[in-house]
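The primary structure of each chain is shown beneath.
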Amino acid sequence: MAGFARATASTPMSPAAAGPPLLTGERLVVFLFAARVALAAPAHLAAPLAILVAAALAVELAVDGSAPLRRFRTRPGASSGILLGATTLPSVMLSRLIQLSRLLPTDPNGPKEFAYLEMQYWAASISCLSVLALFLWHLRKSPSNGISKHLEYGSLLIVLYLMTFFLSFLLKTDGGLMVMTSMVYMLCHGVAGVILIKHILEKFPSCSSFGEALLVSSGLILYFGDMLAHTLSKMEFSVSSKAFIRTPRTRSDMTAIIQGILLVLFLLPLLYKSSLQVWYSCRMKGKQQTQAAEEHTRKRIGSAVFYISLLVVLMFLLPSWTHLVQGLKVHPFVWILNYMFTDSHERLALCAYWICVIYVSVRRFYSISKQSKTERILLRKYYHLVAVLIFSPAVIFQPAFLDLAFGAAFAVFLVLEMIRIWEIYPLGHLVHQFMNAFTDHRDSEILIVSHFSLLLGCALPKWMSSGLNDRPLAPFAGILSLGIGDTMASMIGYKYGVLRWSKTGKKTIEGTAAGITSMLAACSILVSLLASSGYILSQNWLSLLIAVTLSGLLEAYTAQLDNAFIPLVFYSLLCL
């Protein structure tokens, strides 16, 4: 920075030379990814994606070329990642739309599924666009930032996108109240996305980049927006429920249970904090204690309130929601037990296999982590290989049961992270000590995201492939990209890498080549296994080569959380 300041003072520089580079490796890969998806989509859906990508690029250039948004503290060492964060989820939804359009003739519920998924595509895009508008507003409001050309281009592109959005819905032949309520519903996604990303960046400082926070906020809003739509569609006593939104009626009991568990666990912090405040105001009023005694009392009371709140949401709130939305007559936990012991031999054997693999790997790797000679990056990649061992057999032989297992594992991770953050007695310190053995520079004391990103990276492609799917490799997108490609790229690059992609980065060409080659080899083996298991294969090998190559290049160039982005990008390309 000092050298840059001296150069500026001594010789005048043109605006182009002074600004950030227009094209970087990550941006080029994102452009190729978005172009691959857009070229396979209808024009009326591809054009909004192209406008969104251009707007995201303008905002990223404006953020990178000026003083950072000082109100928000992002993860140190990471680029803004706005282009990748704003492009990923809409591209995934558009790829899923393209895939579903091929399957419409084979399913009587296809048109309803397509219409609903198209609305989700628009909702995800509006959520990302609203966050881009938030960043532009903060940049314009900052006194240290002038009105640069990137701000102007970004503002114009956002306006153009909104015009395209309104025209595409106003020109629908089945207009009326249904279209208007759908538009309001999608615009609410934008408002909620702005509120949520501000909350994430303010409550969890230095835990994520702008792009990572954008992906998380838009994904959560889309997921819980889907839950809200299904809930309102089931409320027959509501006058406006029939005109609100048409949700497909093909959702399984298992999907509803998984969503219900995640819903009540995300509501748990609200109930816990509220109950804690009420308890303190009633219990501690007028009592004087020493500081040590007060701290001890707070921890014990806080722990008791947490466990009671957890019991309330799981035992009472969860069955109430599943009964309302899905009409379940039994408690979800009873349904899960009945499901596990139906066709029990294979599922129970799979559970026993998982327990053995997890026990052996955790015990072994935790003892290795205490040895300073072992590099942390290699230790973390061993867990990627463990994910392959755990999830691959289940995807082939028990795919529906794996959906439930992913939901249960994510729920356990959420509860454990809450226990760690709030230091809930007696597990808080033990969980923190164990988790801290596997952290890296992308984790912080506030929030440890590595285990979440690995689990969700494997789970999301499998969850999104449930139902209609003509690409048998798509459910394996997370396992292949993280368990095979990312692991081999890191290990080979670390041990044998010499040629680096950039002067400042650590990723090597040898590692990337190893990752791409290993993924292609794993896909070849997996195709043979799937064919022998009765799957009808329709994957084009040229399309597969493009998907593997772009995913490998993204792993090489991105400074974002690769566990979160690479599986979604790979899944999106596999769907085409």
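Since we're looking at a predicted model, the values are computed, not measured. (Residues numbered from 1 in each chain as written. Predicted model: local features only at pLDDT ≥ 70, side-chain atom pairs only at ≥ 80, totals over all residues. Heavy atoms only, no water.)

Attention shifts here to the side chain of T87. Relative to the helices and strands, T87 resides in helix α5 (residues 82–103). A polar contact is formed between the side chain of T87 and the backbone oxygen of L83, at a distance of 2.7 Å. Ignoring anything within four residues of it in the chain, the contact list for T87 reads V30, F33, A34 and V53. (Helix = DSSP H or I, 4+ residues; strand = E, 2+ residues; numbered from the N terminus. Polar contact = N/O pair within 3.5 Å; in protein donor to acceptor, adjacent residues only side chain to side chain. Contact = heavy atoms within 4.5 Å.)

A separate point is the packing of α5 against helix α6 (residues 110–141). If you want to describe how two helices pack, look at the angle between their axes and the distance between the axes. In the contact formed by α5 and α6, the axes pass within 9 Å of each other and the chain directions differ by 170°. With respect to α6, the axis of α5 lies roughly antiparallel. Contacts from I82, G85, A86, L89, P90, M93, L94, R96, L97, L100 and S101 in α5 reach E113, F114, L117, E118, Q120, Y121, A124, S125, C128, L132 and F135 in α6. Each residue belonging to the contact of α5 with α6 can be placed in one class, and the counts come to 15 nonpolar, 4 polar and 3 charged. (Axes fitted to C-alpha atoms, helices over the stretch in contact; angles between N-to-C directions. Parallel < 35°, antiparallel > 145°, perpendicular 65-115°, else oblique. Nonpolar A, V, L, I, M, F, W, Y, C, P; charged D, E, K, R; others polar.)

A few words now on the packing of aromatic side chains. In this structure the tally under the stated criterion is 20 aromatic pairs. Note on W122 and F165: the rings are 5.5 Å apart at their centroids and 55° apart in plane angle, and the pair reads as tilted. Highlighted residues: W122 in helix α6 and F165 in helix α7 (residues 149–170), separated in sequence by 43 residues. No difference in accessibility class separates W122 from F165, as the two residues are buried. For the pair F306 and Y307, a centre-to-centre distance of 5.6 Å together with 70° between the ring planes defines the contact as edge-to-face. On the basis of relative accessibility, which here comes to 0%, the residue F306 falls in the buried class. (Phe/Tyr/Trp six-rings, centres within 6.5 Å; stacked < 30°, edge-to-face > 60°. Buried < 20%, exposed > 50% of the residue type's maximum accessible area, 1.4 Å probe, protein only.)

Turning next to the pattern of salt bridges. Using the criterion set out here, one finds 9 salt bridges in the structure. The partner of R102 in a salt bridge is D470, and the shortest N-O contact between them spans 2.9 Å. A residue pair is termed long-range when its members are at least 10 positions apart, and R102 in helix α5 and D470 in the loop between α18 (450–464) and α19 (477–496) qualify at 368 residues. Residue R102 is classed as partly exposed on the basis of its relative accessible area, which comes to 31%. R471 is the partner of D470 in a salt bridge, and the nearest nitrogen-oxygen pair spans 3.5 Å. We note that D470, like R471, is buried. One connected set of salt bridges, linked through shared partners, spans R27, E60 and D64. (Salt bridge = Lys/Arg side-chain N within 4 Å of Asp/Glu carboxyl O.)

In the segment running from Y425 into P426, the intervening peptide bond is cis, with an omega of 0°. Positionally, P426 belongs in the loop between α16 (399–422) and α17 (428–435). Of note, S206 is a non-glycine position whose phi angle comes to about 65°, a positive value. Within the fold, S206 resides in the loop between α8 (177–203) and α9 (210–234).

Let us now look at a nonpolar patch on the surface. Judged by side-chain polarity, L271, I308, L311, V312, M315, F316 and F333 come together as a nonpolar surface patch covering roughly 610 Å² of accessible area. Within the secondary structure layout, M315 lies in helix α12 (residues 291–326). The exposure class of M315 is partly exposed, given its relative accessible area of 35%. (Patch = residues over 30% accessible without salt bridge, like charges linked within 9 Å, V, L, I, M, F, W, Y side chains within 5 Å. Areas by Shrake-Rupley, 256 points an atom, 1.4 Å probe, with all protein chains shown as cover.)

Another point: the packing of α19 against helix α20 (residues 509–532). It is at 7 Å that the axes of α19 and α20 come closest, and there the two elements cross at 145°. In this structure, the crossing between α19 and α20 has a hand that is right-handed. Each of L480, S481, I484, G485, M488, A489, I492, G493 and Y496 in α19 lies in contact with α20, whose residues at this interface are E510, G511, T512, A514, G515, S518, M519, A522, C523 and L526. Tallied by class, the residues present in the contact of α19 with α20 amount to 11 nonpolar, 7 polar and 1 charged. (Left-handed = near helix turned anticlockwise from the far one by under 90°.)

Summarising the model, the chain shows a mean pLDDT of 82, and 84% of its residues fall at 70 or more. Contacts from residues 236–241, a stretch scored under 50 in pLDDT, to residues over four places away or in other chains number 3 contacts. (pLDDT = per-residue confidence, 0-100.)

Here we take up α19. The end-to-end C-alpha distance of α19 is 26 Å, a good match for the 28 Å that 20 residues give at a rise of 1.5 Å each. Residue D486 marks the point of greatest curvature in α19, where the axis turns by about 25°. A large share of α19 lies buried, amounting to 15 of its 20 residues. (Expected span 1.5 Å × (residues − 1). Bend = angle between axes of the 7 residues up to and from the residue.)

L94, L132, L265, F306 and F391 are the most contacted members of the largest nonpolar core, which has 157 residues in total. If you tally residues by element for this core, the top one is α6, at 16 residues. The contact partners of L265, leaving out residues within four places of it in the chain, are L310, L314, A411, L414, V415 and M418. (Core = buried A, V, L, I, M, F, W, Y, C linked by side-chain atoms within 4.5 Å.)

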